[in-house]
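# Topology and contacts: notes
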Amino acid sequence: MLRDVVTSLRMVGDFTEGEKMEEQPKVDRKHPEGIPIPSHLAEWLGPLDWYADDPYIEGDLICPCGCRNLEFYYPGETHKPALLTQHIPVWIDVLDESGEVSFWFAIDVVCVDCQKRVVVFDNFRHGTTAFLADNYWEHQERPTMKKWVCSDCGGVSHHGRPHFRFDSLIEFLNENEGKCGADRWGDAFHWFGMKIECVNCGNRIHSWAGYESG
Ligand SMILES: [Zn+2]
Ligand SMILES: [Zn+2]
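A brief report on the enclosed structure follows. Per chain, residue numbering runs from 1 following the sequence as it is written. Labels follow written order: the first chain is A, the first ligand is 1, and so on. Confidence filtering applies because this is a predicted model: local features only for residues at pLDDT of at least 70, side-chain atom pairs given and counted only at 80 or more, and all residues used for totals across whole chains, interfaces and linings.

## Examining the nonpolar core
Basically, it comes down to this: One nonpolar core equals one set of buried Ala, Val, Leu, Ile, Met, Phe, Trp, Tyr and Cys residues connected by C-beta atoms within 7 Å. For the exposure call, what matters is how many other C-beta atoms sit within 10 Å of a residue's own: 20 or more marks it buried, 12 or fewer exposed, and in between partly exposed, using C-beta atoms placed from the backbone. Helix and strand assignments follow DSSP, with helices taken as H or I runs no shorter than four residues and strands as E runs no shorter than two, numbered in order from the N terminus. Contact between residues is assigned whenever the C-beta positions, reconstructed from backbone atoms, fall within 7 Å.
With 34 residues, the main nonpolar core has Leu61, Phe72 and Ile107 as its most contacted residues. Contributing elements (two or more residues each) for this core: strand S2 (56-61), strand S3 (70-74), strand S8 (106-111), strand S9 (117-122), strand S11 (157-166), strand S12 (189-198) and strand S13 (204-212). If near-sequence neighbours (up to four positions away) are discounted, Leu61 is found in contact with Trp44, Leu45, Leu70, Val109, Val120, Gly160, Arg161 and Pro162.

This is how it looks when you write it as structure tokens:
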């Protein structure tokens, strides 16, 4: 009887120790503590460049399966700003439930290898003005998006490198006092931008996507 109790106690001890090892977050090595990471991309952002003064992060999009070759989806319309030589995605008008027109800008990517999809940015869900709001798309159908095709070679597989700008942690906490804690800092970016590069021909668009979200 006593031996049984001792054995089970030892098992509890071993189990607890094992659990602690398991609890280490997978992304810690890529994303050291104290850096704001948009939570919806925690599994998709590779090692980051981080500038604390700005504050600013930048990193490659990498599927959790390890693949960097991705297909990019946008709302379907493009424009060519005066300073650029190529067209880039632009927002479109959508109607909300009350019939009012809103701007919608979003970028999704799909992994070429495993077909996993992630919303990289959606102005109704992400950034300072939306991250605490109800999910806009919960009661509405998200419009079908269009696949980005390289204007030079017609290729669809690209590498993407997004960046995000934030308020300082102090500013964030003051702004959101009583609404959320420091763990949401990474979701409250006020700027999202991204460059992409065609895997097939190397065609690079530095300012492919950009959206001020606050
Ligand atoms: Zn994948
Ligand atoms: Zn190309």
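## Here we look at the environment of Arg125
Assignment of secondary structure puts Arg125 in the loop between S9 and strand S10 (146-147). Between the C-alpha atoms of Arg125 and Tyr136, which are 11 residues apart in sequence, the distance is 7.0 Å. Beyond its immediate sequence surroundings of up to four residues, Arg125 is in contact with Ala130, Asn135 and Tyr136.

## Digging into the pairing of S11
The condition is simple: Only strands that DSSP links by at least two bridges are regarded as paired with each other.
Of the two faces of S11, the one lined by His158, Gly160, Pro162, Phe164 and Phe166 is fully buried and the one lined by Ser157, His159, Arg161, His163 and Arg165 carries no buried residue. In the sheet, S2 pairs with S11 via 3 bridges, with the strands oriented antiparallel. Within S11, the position partnered with Ile57 by the bridge is Phe164. The pairing of S3 with S11 spans 2 bridges and is classified as antiparallel. Bridging across to S11, Glu71 finds its partner in Ser157. As defined by bridge partners, S11 adjoins S12 across 9 bridges and the pair is classed as antiparallel. Among the inter-strand pairings, Gly160 is bridged to a residue of S12, identified as Ile196.

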